[in-house]
Amino acid sequence: MDHFDYRDGAMHVEQVPLDTIADAVGTPVYVYSTATLTRHVTVFRDALGQIDNPLIAFAVKANPNAAVLATLAKLGLGADVVSGGELLRAVAAGIPANRIVFSGVGKTQDEMRLALDHGIFQFNLESEPEAEMLSAVALSMGKRAPVAYRINPDVDAGTHAKISTGKSENKFGIPYDRAIASYAAARDLPGLDVQGVAVHIGSQLTDLAPLEAAFVKVGVLVKALRAQGHDIRTADLGGGLGVPYDPAEPIPPSPAAYGAMVTRVTQGWNLRLLFEPGRVIVGNAGALLSRVIRVKQGASQPFVIVDAAMNDLLRPSLYDAWHDIRAVKPSGTRAAANVVGPVCETGDTFAMGRDLDVVQAGDLVAFMTAGAYGATMANTYNSRALTPEVLVSGNQWAVVRPRLPLETLIAGDSVPDWVNS
Ligand code: LLP
């Protein structure tokens, strides 16, 4: 459920008409709803109501905007970070270090040092060489790093190949069959305090079965590790729960169903559970607002050329992702159209043959469910400005990232003297 609704023939986010934001800030622009964020946090937390003291660490990569993070921090969420930049953003937003988990296959020494300095809750290690490096870095600082190994359970998440992470051929985690040996080696590393097991098999999962299969494997491993004398106190079950994008598709499992499955599977584990939800918290809380530049006749259907492009919302071109596209002021007449951006690639296509309200030049459209992996993946391809962001709460709204002038973008480059000599 979200707080983007039609009132008096125009889409509003909470109490603010979207055209007010478009007129004031220009388009394209991301718009987020605080009420939706809050609701999703509550729903997710309630779903884990039977679990003692879970740590819900929001996957910052899904939406790292400072205002979004501060909103989530106020609601008590922790953070799952994958870079020094994300760590600094989480800390700056007020997320306490003891609620921060550091994931990722390529942590550098500098990033390890930064995270150790802040005293984060847990490093999720993804390889033995990484464990050795972290141990050395921690020792050099006179510290012990709290760690879990992320295991690769070799489970097919049944999602898009580019966002599947739990198959043995994927780069993530340590092979399940080697886990006992890897943990034994980690125990001998004096800079590490081995406290947990972690898993994350992919994103936009629409079936609980692969998640359950992965969690069952974690449970088996926890038992085996304890039998070997490891003091396992945490299990990080990752993120991955899908959200509805296409109303014609079956609705993904609810957080409540997910929570019930987790509660059942983890019964008796006797440790602290960690979660790393991203999309399910922010996905439906954001839309990308865009204006139609012109409508061009196509071979069979019209091309609706909007001022948002693949650089603003990469998901359709990268993963063939489906985003609902709604007219902000629906005309009431519907017809099939191709919705494209101005970037010079055929991949800059949001939808082909989409049934849509008929729109004209100057009309506003909203790309729905764009709060996760939207602005965070935006770039400046074709020398387009980075997409600005707006946060709404009730009848208030604020620009939480401005549209920087193109001059700023260009001024970032410099030309060595010898080029012009
Ligand atoms: N934890 C780890 C270790 C992750 O790698 C991810 C996402 C998450 C948690 C959060 O997963 P979520 O709950 O959001 O599914 N750009 C892609 C999604 C990439 C996800 C990467 N990892 C997209 O636009 O669909």
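Going by the structure above, here's the rest.
In short, a report on the structure. Just so we're clear, the structure is a prediction, and the values are computed from it rather than from any experiment.

Read from one edge of the open sheet, three strands run β1-β2-β3, paired in antiparallel fashion. Every other strand in the sheet has two partners, leaving β1 (4–7) and β3 (16–17) as the edge strands with one partner each.

Here we take up the packing of aromatic side chains. Inspection of the entire model under this criterion finds seven aromatic pairs. Note on Y30 and Y32: the rings are 6.3 Å apart at their centroids and 25° apart in plane angle, and the pair reads as stacked. Accessibility expressed as a relative area gives 1% for Y32, which makes it buried. With 6.3 Å between their ring centres and 70° between their planes, Y258 and F275 make a pair best called edge-to-face. Within this pair, whereas Y258 is found in helix α9 (residues 255–265), its partner F275 is found in strand β13 (residues 272–275), the two being separated by 17 residues in sequence. The exposure classification of Y258 matches that of F275, with both residues buried. The rings of F44, Y258 and F275 are connected pair by pair, giving a single aromatic cluster. Against the face of Y176 rests K217, its NZ or CZ located 4.9 Å from the ring centre. Positioned above the aromatic ring of W322 is the side chain of R354, whose terminal nitrogen or guanidinium carbon lies 3.8 Å from the ring centre.

Take the side chain of E86 next. Among the structural elements, E86 can be located in helix α4 (residues 84–92). No salt bridge is formed by the buried E86. Its closest oppositely charged neighbour is K61, at 5.5 Å. Look past the residues within four positions of E86 in its chain and what remains in contact with it is V60, K61, D80 and V81.

This paragraph deals with the layout of surface pockets. When its volume is computed, the largest pocket comes out at roughly 570 Å³. As for the largest pocket, its lining consists of 29 residues, of which K61, T165, F172, H200 and Y373 are closest to the centre. Breaking the lining of the largest pocket down by element, the ones donating at least two residues are α10 (279–282) and α11 (315–319). Across the lining of the largest pocket, the residue classes tally to eleven nonpolar, ten polar and eight charged. When its volume is computed, the second largest pocket comes out at roughly 440 Å³.

On to a nonpolar patch on the surface. Judged by side-chain polarity, V415, W418 and V419 come together as a nonpolar surface patch covering roughly 360 Å² of accessible area. Relative to the helices and strands, V415 resides in the loop between α12 (406–411) and α13 (417–420).

The next thing to look at is empty space enclosed by the protein. Within the structure shown, the criterion is met by one cavity of 30 Å³ or more. Across the lining of the largest cavity, the residue classes break down as two nonpolar, three polar and four charged.

For the rest of this paragraph, the subject is the packing of α4 against helix α5 (residues 109–118). Viewed as axis vectors pointing N to C, α4 and α5 meet at an angle of 20°, and their least axial separation amounts to 9 Å. Put simply, α4 runs roughly parallel to α5. Here α4 and α5 pass one another in a crossing that is left-handed. Here G84, L87, L88 and V91 of α4 lie close against α5, whose contacting residues are E111, L114, A115 and H118. For the contact of α4 with α5, a count of residues per class yields five nonpolar, two polar and one charged.

Reading the values: rules and limits
Residues numbered from 1 in each chain as written. Predicted model: local features only at pLDDT ≥ 70, side-chain atom pairs only at ≥ 80, totals over all residues. Heavy atoms only, no water. Pairing = 2+ DSSP bridges. Helix = DSSP H or I, 4+ residues; strand = E, 2+ residues; numbered from the N terminus. Phe/Tyr/Trp six-rings, centres within 6.5 Å; stacked < 30°, edge-to-face > 60°. Buried < 20%, exposed > 50% of the residue type's maximum accessible area, 1.4 Å probe, protein only. Lys NZ or Arg CZ within 6 Å of the ring centre and 35° of its normal. Lys, Arg positive; Asp, Glu negative; His and termini not counted. Salt bridge = Lys/Arg side-chain N within 4 Å of Asp/Glu carboxyl O. Contact = heavy atoms within 4.5 Å. 1 Å grid on protein atoms, 1.4 Å probe; cavity = no way out; pocket = protein on both sides within 12 Å on 5 of 7 lines; lining within 4 Å. Points joined across faces, edges and corners; volume = space filled by probe spheres on them. Nonpolar A, V, L, I, M, F, W, Y, C, P; charged D, E, K, R; others polar. Patch = residues over 30% accessible without salt bridge, like charges linked within 9 Å, V, L, I, M, F, W, Y side chains within 5 Å. Areas by Shrake-Rupley, 256 points an atom, 1.4 Å probe, with all protein chains shown as cover. Axes fitted to C-alpha atoms, helices over the stretch in contact; angles between N-to-C directions. Parallel < 35°, antiparallel > 145°, perpendicular 65-115°, else oblique. Left-handed = near helix turned anticlockwise from the far one by under 90°.

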